[in-house]
Every structure is written in structure tokens, then in C-alpha cells.
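What follows is the residue order along each chain.
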Amino acid sequence: MPPPQSAQPLDDMAHMSWTRRDGAPADIAALAQTEDGYLWIGSRRGLFRFDGLQFQSYPFTPDDPQLPASDIAALAADRDGGLWIGYRMGGITYLSAGKKIDYDRASGLISESTEQLLCRPDGSVWATADGRLMHLTGPTWENYSARHGLSSEGLYSLFFDREGNLWTADKGHIYELKKGEDKFSLIDIPNGTVNQFLQLEDGSIWISDAWKSVRPLLDAKGAHAVRIPGVPVMLNDSHNNVWLANEFGGLTRIRHPGTDQLQVEKYGAANGLTDGQTRAILQDRQGTIWVATARGLDRFRPSPLVQFRGVQLDYYPALLADRNDGIWLHDMDKPLMRLRSGKLTFIGEGHGSSSLFQDTDGSVWMLDQITHDFYRYKESGGAPTRIPSPDVAKQVETWCLGKDRQGALLGCFEGHGLWRYFDGAWNPVKDPGLPQESPLSLARGEGGRLWLGYPHNQIALDEGHGYHAYGRKDGVEVTSVFTFYDAGGLVLAGGSDGLAFFDGKSFHSLHLRSPELLRGISGIVRDGTGDLWLNAGLGIVRLPSAEWKRAMEDPRYAMDFQLINDQDGLIGSPTQSKPAPSAVIDKTGVLWFATSGHLVAINPAAARQSGSTPNLLLQAIVVNGKVRSYTKGMPITESSLRLKTLEFDYNGVDLNSPERVVYQYKLVGQDKDWQDVGSRRQAYYTNLSPGKYQFHVRAATGTGPWSELQTPLRLTVTPAYYQTRWFFAVCFFVVFGLLWLIYRARLEYLTSQVQERLEERAHERIRIARDLHDTLLQGVQGLMLRFHFATEQLPAEEPVRAILRDALDRADVVIQEGREKVRELRAEAGSQAELETHLRKAAIALQADGMARITVLVTGEPRILHPAVNDELYSIGREALTNAVRHADATQVILELGFDDSQVRLRCRDNGRGVSPQIVEAGFKEGHWGIIGMRERARSLGCKLEFASTPGAGTEVQVCVSGRRAYSKIVNNGRTTWQMRLSPFLRNSVPRRFSRIRRPSES
């Protein structure tokens, strides 16, 4: 049988170390933890600070004060957040909040050499300096040992017990100063050189007698003494163990000190300690043990893992939870093993590595990868049942094995798919629901369901009526499927690239805050509280019940988690193929996880973290690439003119799990919600707008609670001159002025264009009038003279004479009308009442021809109109009056002419018979051109003719011409047209630039 493994020292502790290549200093002499959580390290080459990830050498910034020396011998932290530093040569320094106080001979120190520093809970500070006990009183140090009756100058130690008694020793003597007494008393106990004291939980005092032993003070016979090789530094941890940092003998832990069960464990460089020379030891507030050596720094913290030491494991061990008690396991070239109640039993002979499967009767099936035979071992013992593999499987790997719903043996053979052994024969399983590739995993679930996992996101399920395949279209996104969990109504599939749950119809991926931790899952178990445990590529991941349930309800939710990895003592990674599963839970609730060459057990109740809380600190503010000094709690102010980039450096100090600390930050005034940045410890902003801001940051470790910055940083960004209100006001008025000038220029340009067109039109009208006068009218006048001469030649009694005279009279009327038209064509800027006068004349003429009563109304102050506008409005008005009198049979007609700054309005209303809707819709009547003509004239004025009529209720015609087009540029009562449109806002604000249009004859 394989030999069992021997227990290793400190097997229950997870060990990590840092050396010079990690940034750790060498020759460390002292350790201390300040209230902010940092670990301070004193070495021969200076002072360092450690947050669990990075070492920083003091001073950290140019603003930090320099220390008087670099060879540090002692450190101590007080409850006010300060750090006391003792030098081999250089006195003592107190460092707090970026300020320091140096103590030397002038401060009462007899010697500048310090061996030990001690800060008591009552705030008092003590030291051993050059063999004397020193006590700080106010700003000076006093020789406390001499004051209280000790003349010795060779004192080695300083210790206060829980009762407040002070202990010290020199060569061959031990002294005690009881609380309330004034003089030290000699303790009559044989000793050599006592360099240290400590007190256990039971109140007993232990001493370190250099080069001899560590023992209880009153154990003169050494019944419980432990031999030591040098001058150790002692520590009593929170579990009442005694730790010894031996000067030359590595590290020693004494368990159960002072009892018959006393155990001594030695841990040295051969076990992984950075060096055998150990100089200092400290237990931090989270219970972690820190050891300083000549070559670096070591950390020991309690591990939640219990290592399996029953036998040396060489490969990935196969696991199987027994249905009654314990577990089954198997490793390469070893017999099948059963572990029950702490006892390991070997069954059968050695076999090649194989997955395990337990039958309904408790027997266990396995496959020997060397002989390629299946073996069935009964729990009661006896020779195993042996079944050869099919011929196709002799030269390939067997990935998994199990039984189907009918009890037939199943084997998954690489490259040949799924095979079934029944009635003494192997046959390939042919089913349209099975993928073509070979299965990687096989698992039985509730109700006898059979799950098969394949590469390339493929899963097959048999529920008793054939196989059904699920793929990427069904939500399978885990790539190669290594394992399943099917119990309690929960179905999960894990693989090389994720975790998914099955809702009865399809699969849905689950997401983690750190997505990379869900890769390489080959084992899934669920503990008694409902938490899920995954054996994944980067460690063991615990998903709290509340987290995975919320993730199933919200597919976008990223779960919190607890990670157990190499920093907790986990060695290796789980299998990524076979044998699977790599995690099981036994009947007692203990979880078992297999990795390469190792097997560990976890008590979930003990491993479940309550969640450590990082101590969140704002380390630095960097403005435009330079560190900005600031006082904690005080606001800072920056000008936006100079502020280009802003960086906040923060740190959640957690020495126990620094690599698991994640952060979120928010700049109130800029960010709407928390920014999730993972483990990044910087926040960046650029080009912030003027305003008031508050920077908030919070940190958490795994599933622990969030810890926020106690005092958010207040930031005020003052505006540059171009961001002030007065600057915006000036810019507004400047822009408004420019727009106003552009508007004026554009208005003048358009007005001049209209003016030019009107002048061209006026010239054309005058030319036409001249041509009519000089040709048509003169010619007609000449003809009339000839006809008149001819008529006068006829006898008076000639009948034709009367006809000719009547024609000549009519010709006179035509001549008169022609002259009137010529006069109208040559009209320029006449009197203000010209349009009104002409419309009244037209109304009188039409009233004489019919029975209608015509009323002309004028509103507003009459203005001078452009000639073209005057004529077109006159023509529209006359046509409207003519239609009302002659075609509508109206008895009442009202013509309104209105003037105001914005427009000229002409409206004609009558009470005639109206116009049919068809004509109103068409806009004209066949064979009649009056309405069409009015529309064309209105369109030429840049406006629209409004025509409304109801049969039997009269007609209304209206046209409105804008003042910009209608009014002449000749001054209207001292105002130009654009002044009238914009008054009173621009009243009298624009010079009078326009003059009356000159007639061509005036040029």
C-alpha cells in the first residue's frame, strides 16, 4: 500500500512571502501596525510601509519630513495613529500626520541607541535605551529604572502584564515593579539572560532565557520548557499559541504551552521561510502573523483548508461522495481508496487514473486507463467485476462513465462518442438528439435525468423519451462542459468559460464581479446553507445564496463572491477534462476539492467569511501631474484655468486580503452613479467645469461590507474669467450686437433690392405711358381730327353725320380714358390719400350704375405707398367692388382700408348671393378672370388673397401687404419703413438714410 504522508509544520496556516525582488527590504529589525492598517517595517536601510501589495520607502513625497537616521532598531504604534521610531544611533522620532518630533540627548535620552519601544493603552510611551528603562513625561524622557531603584545599566527587556506590573531583567536577575509601588523588587528565580517576557491566557508569565529555553517563569525545573538556539522574540497569538522568531533558528510555534499536550513545530528556510534569521514577529489586528527575516517578510494566516495527508497524490484525484458516509477517491497507479471517519482504506489493486461512479447498490465503478477495462468494486469487498472496453476504445482516452435510465453501463470514448454496455455487448448510442462529438462529462440528476456535456457549447439531456440537444442558440455559453449540478430544483452547468443555470427550457449565463474567476469550472457543490462552491481554474469560489438567486432574476447582475486561492494555502488547479467532478460534499457537510496532486477539505461554516472591512484612505491628490498637498477634512480649491487633469489616489488597507479589495468611487457633481473600477486605486478626471464637488470612494473585500471614506474630499473649481457670468453677459451682448448689425445689413440689402426693382418698374411704366401718349393717343387724336373734318363736310341733314358725331363723342371718352391710364402709369409718390381717393371714386361710379350702397372705411394713419403697391391694391379693390355690385346683386358693400406699422390691409365685404363652394375651391369661374386677376396681383405683392364666401351670406375678399413692401422709402411722418416695423423698440434709433425716389425726369 502507498505510504501515508507525514504532517507538515504549520499545516493549518497559509504562508506567503516577499523578498527583495518583490520590493521588500532586507535586514528587517522591527514591525508595527498603525491605526490606519498599514504595516510599518524598520530595517537597516530605512523605514518602509506595506499595504499587503506594495512596499513604499519613506519619505513618500517631497513634503514628508526627513528622518535623522536610517538604521532602525525598534518601532511602536500608538492609538492616535502615530508611529514611534527608535534608531541604533540617532535617538527616537515620533511621526504623525506628516509631522515629526525628534528626541535626543537634549530631550533627556542618556544614549541615542534604542533597543525597544512600547506604547501602552493609557497613552504612555516607554523605551529601553542603552540598557536603561526610559519613560516619556511631557516633552522629555526620564531614566525610569534609576528613579525606581534600579542602578543597573544592562537591562534587556521591558514588559507590562495585564495587571499593570512592570517586568525587566538584566544578566542573571529578574525585576518586577508592581502597580502602585515605587521600587522594583528582585524575583528569586534562577535564570541566565532573560531578553523577553509574555503572558498567556491563564495569566502565567513566560520568559525567554537566551540560548537556553522558553518556559513559564515559575517552572524552575523546566517541565514545560522548550529549548531554543539563540535569542528569540516571543509572541502570544490570539489562539494562545507561543511563537518564537529565533535569531538563527527560523520560526517556532508552541501549541498548547504549559500543558501535557504541548507541541513544538519548527518552520525554516527548507519549508519556505525567506531566511532562517528571524528578527521580529507581529500579529496584526486581523490575526495574521508577520515574521521579519534577514532576506524579507513572511506572512502566516489561518487557512480554511484541511490538507489531505493520507497518501502522496501524483495526479488529479478522482472524487466520489459515498451515499452513506465519507468519500471515495482514486489516484494514478493507486488502489481505490475510501476515506471514512478519518480512516483511509485501500480496496483492490492499483489502476490508471479514472472517474468514479457509484451504483444503486453502493458498488463503485471505475476504468483502468492502462488496461482499458471497467472495474466494479463492492463495498463489502471481494473480487471486482471486470468488463473489457470495446475494441474502438483500446487506444483512446475514456472521458466519463455512468449508467443510463435502464441501468446499462455507459462509456464516453474519445473520438467515438457514447457507447452502451447491455447484455454482454457494447454498442454505440445512436440518437438524433445527440451531438456528433464525444461527451466530456456525464452526470445523473433528479428523477433519473441524464446529462451529457460536450465541447463547443453543447449539452444533451435524456429525461426518458430520447435525447434533446442544447446549444448556443439555447443559451449555452460555457464552451467545453466539464460538470453539472442537478439537485433541489437547481440545475447548473460549468465549463471552461463560465457557469450557466437551466430554467427548464434554456440555459442562462451567470456573471461575477471578476469574470475571470468563472473560467475552468470542473466541480460544483451546494452546502447546507444554500451557498454554491465552485472548483475553478483560479481557486475555489463561494457564491452566497442571496447572490446567485439575485443573478438568476437579473441576468445582468454581477455576483459578489468569496475566493480561496494560493494565498489561503490552496495548491494547484483543478482538472480541465477528467476525472470529473473535482468537488463533492459528504454526508457531514464537509466539502472536498481536488487539484493537481492535492486534496483539501473545507468546513463551510468555518470558511465562510463574515467579511473583513478595508480601512479606506485617501493617499494623494495629483493636479496636472504634480502631487498637491492638502489637510485631511479641509476643502481644496483649484482654478479651472489651470486645472487640466485631476487624479485621486486611494487605498483600502487590508493586510489579510489586499488582492481581493475592490473599489467604487463617485465625484458628486460629475458622476451620476458609483463607478465600479475593480482593484484600480486611482480615479481620473479631466477638464472639470467650475462648481462644487465631493469625492466619495468605498472599498470591499469579496463579499464583505462596503467601507467608505470617513470624510469625503470637498473640491471647489473656481471659474476662469471666460467662465464667469459677466463674461457670458458681455459675450451675449457682443454676439447680439453682431447679429443685429448683420440683420441691419441684410435688411438694407433686401430693401435696396426691392427699391431697385420698383424703380425699374417705375421706369418701365413711364416708358409705356410715353409710348402710349406719343403713338396710340396721338394717332387716335389725329384720326379724330380727320373724321371731324370729314363730318363737317357732310350736309347737316345727312343721317350719317349724326352717327359720326356720336362716334366722335365716344372717341373723346376713349381718349380721356387713355389719358387717365397714361396719368396712372406716370404716377409717382402722390398725396397720402391717393389710394383712398381713387377707391372712393370707383365706389361712386359703381354706385351710380347699380342699387348697392358702398361704404369706404379707413383705419389707422394713411401712409405713402409704393406706386406699384398703390396701383395693385386699387385694381384689387375696384375688381372686388365691381364683382359685388354687378355679379353678387349685393345691396350693402363695405370696403375697408387699414394702415399700421406692420402692414396695409384691404378688405371688401358684401351681403350678396355669395359664391358656390366649387368656385371657392377652384379659385375661378369658367370664362371669368376677375378672381384670377386679383390673385395674380396679390401674388405680385408677395402676399396671398384671402377669399371666403357662403352661398346666400355674401363674400369677403382680403389682402394684407407687409409694411416693408407696401410703404414707400419716402419718410412717413419722419420714420422709415423698417423703423416703423420695429418701433417702439428701435424708436428713433436709426438715422434717416432714405430719400424720396426721384423721377427719371429728375435724374
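Everything below is about the structure printed above this text.
Sequence order sets the numbering: in each chain, residues are counted from 1 along the sequence as written. Residue-level local features of this predicted model are given only where pLDDT is at least 70; pairs of side-chain atoms are given and counted only at 80 or more, and the full residue set underlies all totals for whole chains, interfaces and linings. To obtain the side-chain values, all non-hydrogen atoms of the structure were included, while hydrogens and water were left out.

Student: Could you give an account of the layout of surface pockets, with specific residues and numbers?
Tutor: Taken as a whole, the second largest pocket holds about 1,500 Å³ of empty space. Here the term cavity refers to a set of points on a 1 Å grid, laid over the protein atoms alone, in which a 1.4 Å probe fits but cannot get out; the term pocket refers to an open set having protein on both sides within 12 Å along at least five of seven lines, with lining residues being those that place an atom within 4 Å of a point. Contributing to the lining of the second largest pocket are 43 residues, with Ala97, Gly98, Leu618, Gln619 and Tyr630 lying nearest its centre. Put simply, the parts of the chain that give the lining of the second largest pocket at least two residues each are β8 (92-96), β58 (615-623), β59 (626-628) and β67 (713-718). Under this grouping Gly is polar, as are all residues other than the nonpolar Ala, Val, Leu, Ile, Met, Phe, Trp, Tyr, Cys and Pro and the charged Asp, Glu, Lys and Arg. Considering only residue class, the lining of the second largest pocket consists of 19 nonpolar, 14 polar and 10 charged. Grid points are joined across faces, edges and corners, and a volume is the space filled by probe spheres set on the points. Elements are defined by DSSP. Helices are runs of H or I of four residues or more, strands are runs of E of two residues or more, and each kind is numbered from the N terminus.

Student: Give a description of the environment of histidine 351 that names residues and reports values.
Tutor: Mapped onto the secondary structure, histidine 351 falls in strand β33 (residues 343-351). C-alpha separation for the pair histidine 351 and aspartate 368, spaced 17 residues apart in sequence, amounts to 5.2 Å. Sequence-distant contacts of histidine 351, defined by excluding residues within four places in its chain, comprise His330, Asp331, Met332, Asp333, Lys334, Met366, Asp368, Tyr375 and Tyr377. Side-chain atoms alone can form a polar contact between residues adjacent in sequence; in general such a contact is a pair of N or O atoms within 3.5 Å, and within protein one must be able to donate a hydrogen while the other accepts it. Within polar-contact distance, the side chain of histidine 351 engages the backbone oxygen of glutamate 349 at 3.4 Å. Contact between two residues is taken to exist if any of their heavy atoms lie within 4.5 Å; hydrogens are not considered.

Student: Outline a nonpolar patch on the surface, supporting the account with residue identities and numerical values.
Tutor: Without a salt bridge and with relative accessible area above 30%, a residue can belong to a patch; like charges are then joined within 9 Å and nonpolar side chains (Val, Leu, Ile, Met, Phe, Trp, Tyr) within 5 Å. The Shrake-Rupley method, run with a 1.4 Å probe, gives the accessible areas here. Residue values count only the displayed protein chains as cover. Between Lys or Arg on one side and Asp or Glu on the other, a salt bridge is scored when a side-chain nitrogen of the former is within 4 Å of a carboxyl oxygen of the latter. Nonpolar side chains collect at one region of the surface, where Leu641, Tyr721, Trp726, Val730, Val734, Leu738 and Leu741 lie side by side and expose about 720 Å² of accessible area between them. Along the polypeptide, tyrosine 721 turns up in the loop between β67 and α4 (725-793).

Student: Break down unusual backbone geometry for me, citing the residues and quoting the values.
Tutor: Each neighbour pair has its own omega, and for tyrosine 58 with proline 59 the value is 5 degrees, a cis peptide bond. Within the fold, proline 59 resides in the loop between β5 (55-57) and β6 (72-77). Residues alanine 580 and proline 581 are joined by a peptide bond in cis, for which omega reads 5 degrees. Looking at where proline 581 falls in the secondary structure, it is placed in the loop between β54 (562-564) and β55 (583-585). With phi around 65 degrees, tryptophan 211 is a residue other than glycine that occupies positive phi space. Following the sequence through the fold, tryptophan 211 ends up in the loop between β19 (205-209) and β20 (213-216). One non-glycine residue, threonine 479, lies in the positive phi region at around 60 degrees. Position of threonine 479 relative to the elements: it lies in the loop between β45 (467-470) and β46 (481-487).

Student: Give a description of the pattern of salt bridges that names residues and reports values.
Tutor: Evaluation of the coordinates by the stated rule reveals 44 salt bridges. Two residues, aspartate 71 and arginine 88, come together in a salt bridge whose shortest N-O distance is 3.0 Å. Placement of the pair is aspartate 71 in the loop between β5 and β6 and arginine 88 in the loop between β7 (83-87) and β8, with a sequence separation of 17 residues. Only protein chains enter the area calculation, which uses a 1.4 Å probe; residues under 20% of their type maximum are buried, those over 50% are exposed, and those in between are partly exposed. Relative accessible area serves as the criterion here: at 31%, arginine 88 is assigned to the partly exposed category. Residue lysine 403 is joined to aspartate 359 by a salt bridge in which the shortest nitrogen-to-oxygen separation is 2.6 Å. With a gap of 44 residues between them, lysine 403 in strand β38 (residues 398-403) and aspartate 359 in the loop between β34 (356-358) and β35 (364-368) connect regions that are remote in the sequence. You can call lysine 403 buried: its relative accessible area is 13%. The class for aspartate 359 is buried, based on a relative accessible area of 6%. A network of salt bridges, in which partner residues are shared, links Asp12, Arg253, Arg255 and Glu265.

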